[in-house]
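The chain contents come next:
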Amino acid sequence: MSKVDSSFVDYRPPITVVVGHVDVGKTLLLDKIRGTFVAYREPGMITQHIGLSFIPWNAVERIADPLLTKFRLKGKVWIKGFLMVDTPGHAAFSNLRRRGGSVADLAVLVIDITRGFEEQTYESLTLIRSRNIPFVVAANKLDRIYGWEPHENAPFLDSYEKQREDVQGRVEEAIARIIEEFNKLGMDADRYDRVRDFNTQVPIVPTSAVTGEGLADLLVVLAGLSQRFSRDKLRVTYGPGKGVVMEIREEKGWGVTADVVLYDGVIRKGDLIVTAGLEGPVSTKVKMLVMPKPLDEMRDPEDRYMFMDEVKAAAGVKIIADGLDQVVPGAPVFVVPQEASLDEYVKLVREEVSEVKIETDRD
Ligand code: GDP
C-alpha cells in the first residue's frame, strides 16, 4: 500500500457492536445509551453518523465519575468516546468484517440476567471469539430481579449497595449462573469489579435498559478494554479511505446508495473507489457524500443530510455513486489514491472478498 498509509494521525473512537439472543434488550440498550449520554452534550457538539452513534466520553464521565475514581481511571481515559453500531445483532457484526478480522473494535454481548445463556448467546460468542474482539457481558433486565429498587441512571455498584440483602443474593445467583455457563465453555468470567485479570476473565456488568442502571459501568469497562487491547487498531491516518459497506439502499432522487463505515483514512467527493458486488469488484466515482445534520439544524424530515466534501475516519457516511446496485453489504471499500493503479486496488478487493467469503462458509 502507499506510503501515506503509515502516517499516524490520531486515535479514533472504538467501533462497538451489540450482539446477543433475540429479546434480551439489545435495541433498547442502544437507545438508552444514545438518549442518556447524547443528552449530556450541547446539541451542536454532537456529530451525527450514518449507521453509527457517537457517544462522547465527557458525557459518560458525568455519570461515571465515582467509578473512575474507584477504578483509578480518572484522567487516564484517552479515548474520546465510542462509535456504537446502530443496528444490533449478528448481521451488522458479520457485515463489519475485513481481511483477517473485524472492523469492530469492541463488542457487548447482551444476556437476559433472568434467563441466562440462550441459543444465540452461544452463536454470538463464537463470532466474537473467532474475530478476537475484546468484549463485555451486559447482564440486562436487572430491574426484573424480584424486589429490585431502581435508581435511574445510577452506576450498578451504587444501586446494588442500596438493595436489600435478599435482592443482592438474587443478583449474585443470576451472575453465578452466567459464570457457570462460561466455565462450561472453558472460559473464566466474573462480575466486572471482581475481575483480577482482564486478559483471561470476561467482565459481567449488570444493566437495565429501562432504568439506565449499569450503563456507566458498561462504558467504563469498554473504555478500559479498548485502551488496553485495541490501541493499535485505533490508530487512524489521513491516507486513502478504507471502509466496509453496512447497507445498500435506494434513496429517492439519489438511486442506490451505500452506507459505509469508514475505519481509516479520508474519503472525498470525486474520489475513485473500489468495492465489491456478487459479480466481482466494482469501481466508481463518489458523486456525493452525505452525513446526517445535527439534530438542532434539521428543519424537516426532507432536510436530513449535510453534503460533505470530505469525511475522516472513523465515521459512518452515505456514498452516492453509479453502479452501487451491484454492491453487497460487507463489501470492502477502498479509495484509490491518484498515484496508484486501479488494477492494484481491484486485486486487493478481490483478495479481501475471497478471504471474507471463506470465513462466511466456516461460520
Ligand atoms: P432485542 O431483540 O435484543 O433488540 O430486544 P429489545 O430491545 O427489542 O427488547 C425486547 C423486550 O425487552 C422489549 O419489550 C423491551 O422493552 C424489553 N426490555 C429490554 N431491556 C429491558 C430491561 O433492561 N428491563 C426490562 N424490564 N425490560 C427490558
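The structure we're discussing is the one just above.
Only a predicted model underlies this, so the values are computations on that prediction, with no experimental measurement involved. Every chain begins its residue count from 1, and numbering advances along the sequence as written. Given that this is a predicted model, residues contribute local features only at a pLDDT of at least 70 and side-chain atom pairs are listed and counted only at 80 or more, while totals for whole chains, interfaces and linings are drawn from all residues. Hydrogens are left out, water is left out, and the side-chain values use all remaining heavy atoms of the structure.

**Q** Explanation requested: the pattern of salt bridges in the structure shown.
**A** Here the idea is simple: oppositely charged side chains can pair when their charged atoms come close. One speaks of a salt bridge when a side-chain nitrogen belonging to Lys or Arg is within 4 Å of a carboxyl oxygen belonging to Asp or Glu. All told, the structure shown has 25 salt bridges when counted by the stated rule. The salt bridge involving Asp193 is made with Arg191; its shortest N-O contact spans 2.8 Å. Accessibility here uses a 1.4 Å probe with only protein chains present; expressed as a share of the type maximum, an area under 20% marks a residue as buried, one over 50% as exposed, and anything in between as partly exposed. Taking relative accessible area as the criterion, Asp193 reaches 24% and is therefore assigned partly exposed. For Asp322, the salt bridge identified is with Lys287, shortest N-O distance 3.1 Å. Linking Asp322 in the loop between strand S20 (315-320) and strand S21 (332-335) with Lys287 in the loop between strand S16 (280-285) and strand S17 (288-292), this pair joins segments that are 35 residues apart in sequence. One salt-bridge network, in which partners are shared between bridges, spans Glu247, Arg249, Glu251, Asp259, Arg304 and Lys318. Numbering goes from the N terminus for both helices and strands, where a helix is a DSSP run of H or I of at least four residues and a strand is a run of E of at least two.

**Q** Looking at this model, I keep getting lost on the packing of helix H1 (residues 26-38) against helix H7 (residues 215-229). Mind explaining?
**A** Angle between the axes and distance between the axes: these two values describe a pair of packed helices. Simply put, an axis is a line fit to the C-alpha atoms, just over the touching stretch for a helix, and the angle between two N-to-C directions goes from 0 to 180 degrees. Put simply, H1 and H7 touch, their axes get as near as 11 Å, and they point 90° apart. One way to sum up the angle between H1 and H7 is to call them roughly perpendicular. Packed against H1, whose contacting residues are Leu29, Lys32, Ile33, Thr36 and Phe37, the element H7 presents Leu215, Ala216, Leu218 and Leu219 at the interface. For this scheme, ten residues count as nonpolar: Ala, Val, Leu, Ile, Met, Phe, Trp, Tyr, Cys and Pro. Four count as charged, namely Asp, Glu, Lys and Arg, and the remainder, Gly too, count as polar. Across the contact of H1 with H7, the residue classes tally to 7 nonpolar, 1 polar and 1 charged. Here is the rule for angles: anything less than 35 degrees is roughly parallel, anything more than 145 is roughly antiparallel, 65 through 115 is roughly perpendicular, and the remaining ranges are oblique. Contacts between residues were defined by any pair of non-hydrogen atoms, one from each residue, lying within 4.5 Å.

**Q** What is the right way to look at the sheet that holds strand S12 (residues 242-251) in this model?
**A** Backbone-to-backbone hydrogen bonds join strands into a sheet, with any given pair of strands oriented parallel or antiparallel. Only when DSSP finds a minimum of two bridges between them are two strands counted as paired. Ordered in space as S16-S15-S21-S12-S13-S20-S17-S18, the 8 strands form an open sheet in which the pairing is antiparallel. The open sheet has two free edges, formed respectively by S16 and strand S18 (305-308), since each of these has just one partner strand. On average, each strand axis in the sheet is tilted by 35° relative to the strand beside it, whichever way the strands run. As defined by bridge partners, strand S15 (residues 272-277) adjoins S21 across 2 bridges and the pair is classed as antiparallel. Its bridge partner lying in S21, Val274 is registered against Phe334.

**Q** Help me out: how do you make sense of the site of the ligand in this one?
**A** One heavy atom within 4 Å of a molecule or strand is enough for the residue carrying it to be called near that molecule or strand. The ligand sits among 15 residues. The nearest are Asp23, Lys26, Thr27, Asp143 and Ala209. We call two N or O atoms a polar contact when they sit within 3.5 Å, provided that within protein one can donate a hydrogen and the other can accept it, with sequence-adjacent residues counted only if both atoms are side-chain atoms. One of the backbone nitrogen or oxygen atoms of Asp23 is found 2.7 Å away from an oxygen atom of the ligand. Take Val24: an N or O atom from its main chain is 3.2 Å from an oxygen atom of the ligand. Throughout, the Shrake-Rupley method with a 1.4 Å probe supplies accessible areas, and for residues the shown protein chains are the sole cover considered. Contact with the protein chains covers 73% of the free accessible surface of the ligand, which is 580 Å². Here the shell around the ligand takes 3 residues from H1, the largest share from any one element.

**Q** Would you mind showing me how to read the packing of aromatic side chains here?
**A** Two descriptors summarise a pair of aromatic rings, namely the distance from one centre to the other and the angle between the planes of the rings. Ring pairs shown here join Phe, Tyr and Trp side chains whose ring centres sit within 6.5 Å, with only the six-membered ring taken for Trp; geometry is labelled stacked below 30 degrees between planes, edge-to-face above 60, and tilted in between. The final tally for this structure, using the stated rule, is 9 aromatic pairs. Seen from their ring centres, Phe117 and Phe182 are 5.1 Å apart, and the 85° between their planes marks the pair as edge-to-face. With Phe117 in the loop between strand S7 (106-112) and helix H4 (119-130) and Phe182 in helix H6 (residues 165-184), this residue pair connects regions lying 65 residues apart in the sequence. The residues Phe117 and Phe182 share a single accessibility class, namely buried. On the numbers, 6.2 Å between centres and 65° between planes, the contact of Phe334 with Tyr345 is edge-to-face. Residue Phe334 is found in strand S21, and its partner Tyr345 is found in helix H8 (residues 342-362); the two are separated by 11 residues along the sequence. Tyr345 sits in the buried class, given a relative accessible area of 2%. Counting every residue linked through ring pairs, the aromatic cluster contains Phe117, Tyr122 and Phe182. Any Lys NZ or Arg CZ that is within 6 Å of a ring centre and within 35 degrees of that ring's normal is treated as a charge sitting over the ring. Seen from the ring of Phe93, Arg131 lies directly overhead, with NZ or CZ sitting 5.9 Å from the centre.

**Q** Explain the nonpolar core here, please?
**A** If you look at soluble globular proteins, the nonpolar side chains tend to sit buried side by side. Buried Ala, Val, Leu, Ile, Met, Phe, Trp, Tyr and Cys residues form a nonpolar core when they are joined through side-chain atoms within 4.5 Å. Phe82, Phe135, Phe182 and Ile319 are the most contacted members of the largest nonpolar core, which has 114 residues in total. Of the residues forming this core, the biggest block, 9 residues, is contributed by H7.

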